[in-house]
Amino acid sequence: METREDLNSILPFLPLVIRSSALFWPSQVVEALRLLSQGPDCSNVNSGESLFVALSDIRNSLSLSAEPLAPHAQEGYALFFDELITRAKSAKWFREVLPALANFLLKLPSLLESHYENADNWLNRDSNNVKIGLRLLGPQEAGIVFLSQELIGALLACAFFCLFPITDRRIEDLPMINFDHLFESLYASYSEKQENKIKCIVNYFERISASPPVGFVSFERKVLPLGKFHECISYPKSDFWNESKTPLCPLEVHDCGFIEDQSSGALEVDFANKYLGGGALHRGCVQEEIRFMINPELIAGMLFLPCMEDNEAVEIVGSERFSNYIGYASSFRFSGDHVDKRDIHSFGRRKTRIVAIDALCSPGMRQYKPNYLLREINKAFCGFLDQSKFDHYKRLCQDSKHQAVQCKLNYEDISHESANNFMLNEGPSASVDVEMHEAECTNEVAGEFSKGSCLLFHEDKIPIATGNWGCGAFGGDPEIKSIIQWLAASQALRPSILYYTFGISALQSLDKVSQWIRSHEWSVGDLWNMLVEYSQQRFNRETNVGFFTWLTPSLINCETATPNTPP
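Reading the values: rules and limits
Residues numbered from 1 in each chain as written. Predicted model: local features only at pLDDT ≥ 70, side-chain atom pairs only at ≥ 80, totals over all residues. Heavy atoms only, no water. Helix = DSSP H or I, 4+ residues; strand = E, 2+ residues; numbered from the N terminus. Contact = heavy atoms within 4.5 Å. Disulfide = S-S within 2.5 Å. Buried < 20%, exposed > 50% of the residue type's maximum accessible area, 1.4 Å probe, protein only. Pairing = 2+ DSSP bridges.

> Mind showing me how you'd approach the environment of Thr466 here?
Among the secondary structure elements, Thr466 is positioned in strand E13 (residues 464–466). Residues Thr466 and Leu267, 199 residues apart in the sequence, show an inter-C-alpha distance of 8.4 Å. The contact partners of Thr466, leaving out residues within four places of it in the chain, are Ile259, Val269, Phe271, Gln485, Ile497, Leu498, Tyr499 and Tyr500.

> Looking at this structure, I do not really get the state of the cysteines. What am I missing?
Think of a disulfide as a covalent bridge from one cysteine sulfur atom to another cysteine sulfur atom. Going through the model one piece at a time under the given rule, you end up with 0 disulfides. This cysteine, Cys285, is not joined by any disulfide, and Cys200 carries the nearest cysteine sulfur, 8.5 Å off.

> Looking at this structure, I do not really get the pairing of strand E10 (residues 353–358). What am I missing?
Along any regular strand, the residues point their side chains to alternate faces of the sheet. Among the 6 residues of E10, 6 are classified as buried, and the element is accordingly described as predominantly covered. Of the two faces of E10, the one lined by Arg353, Val355 and Ile357 and the one lined by Ile354, Ala356 and Asp358 are each fully buried. Bridge count between strand E6 (residues 267–272) and E10: 6 bridges; the pairing is parallel. Directly across from Leu267, in E10, lies its bridge partner Arg353. Looking at chain direction, strand E7 (residues 312–317) and E10 are connected through 4 bridges and run antiparallel. The residue bridging Ile316 from the neighbouring strand is Ile354, located in E10.

> For this particular structure, what's the right way to read the environment of Val97?
You can see Val97 is positioned in helix H6 (residues 87–119). Once residues lying within four places of it in the same chain are set aside, the contact partners of Val97 are Lys92, Phe205, Glu206 and Ser209.

Nothing here speaks to function; it is geometry throughout.
Structure below.
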């Protein structure tokens, strides 16, 4: 196993050691875990304080003492398990749950070995040799990792015990994954939201200890190549959006409800930090952090996915929801166990699709500048684009001399469903010229591109479910962000976008405005150009009204003023 490239890339970030082609825990760690697995009568671990002493001893056996934990982590573990939960719940935790977590950790080496043994052969022969093994998926490295829910449980138990080494994580720009800061934040600046975040995590561990899950979760780094990787698939420039003839998809506005409760099988947007998970394991408690608490398997992606760059997104399919909640931010509260009833689909994954895209943070007036508008729409487009069907568009672009040729695709012949991943910016009835630099690139380039998006994982007719991305704590303009996401979803050929406004007043006209725009049959290019014109005026302080009022003053103000129209 030591010769595996994928294992070698992740090994510095795991607490295990490898010798003679086998992964294992050091003998002292095995002893300690076996003792814990036998319950408090044998281990004498029956409180938060003694638990922290036990995990500290294990860390010392792994030579992690040079990487100190958060200063008040010990007090945080003690506060939660010894004071904030009932004596009966605490007794059950140390009698049943903690021994089960110790067993998860004992199984971690064998779970990983089984994972790597099966990774190469698990997909069928039509998968184009897509790699799915656990590995570091660095910046600009499109790829996918498949993990069993059982393996994720063991990895998260490892994070609960704070056993992941952290030195190399800083070098690789990876988010921290140990739970020490989560518990320290509870003690250092107690808040009910922090207590309830931990209750979600504890509920997850209680559930998997009682009944280990048997499904799979996939984590994909999606990349829009910055260079001329391919004439059809690259990071779009402004002309791409200016000239797009793609029709706008339906926009369905929901003034109440939550993205995670949608029932349309949609791709659900995580309003992400550029570091996956954001403040989930610290003090954060807004949209992304809450999602990571109720679907804790998402945290596993923090192990191997470094910071996202402007042309990247992360898509996670199959995570299970374990907790219910009420409130938001400071009012967030765990409200009980959640039984996830979503169907299981391809490769044992639940039909829960989440895409993490990070917006500009505190953009102020710069969000109206053309380069920042372009950054935001391309970020959303990267997340919304389903690249898995690119192989369908490999066409007759080969000649015997391997010379540059012209490939003509008649978009009229491609149904909306079968074109679901084709990002060319021409509309219906358009004949599109696609220049290939070499004829052989039809197979080779498509094959390279598909390494990041397994062709087998595609399903048609998947809408986007989103809301006020990059607004709230990040300070974005809700009207601008809603339009940007609508444009990106339309250009990605999604069948529709479900927009959850959370009842904010700035978007009370979104439904009327979007219906007016679609009634005039504007294209993506038409609306984009209007957005750019408005933003220039806003940046130059030539207007201070919102985009909706600027675009359709008669509609918003019930006056007789003439709406702006695209040039």
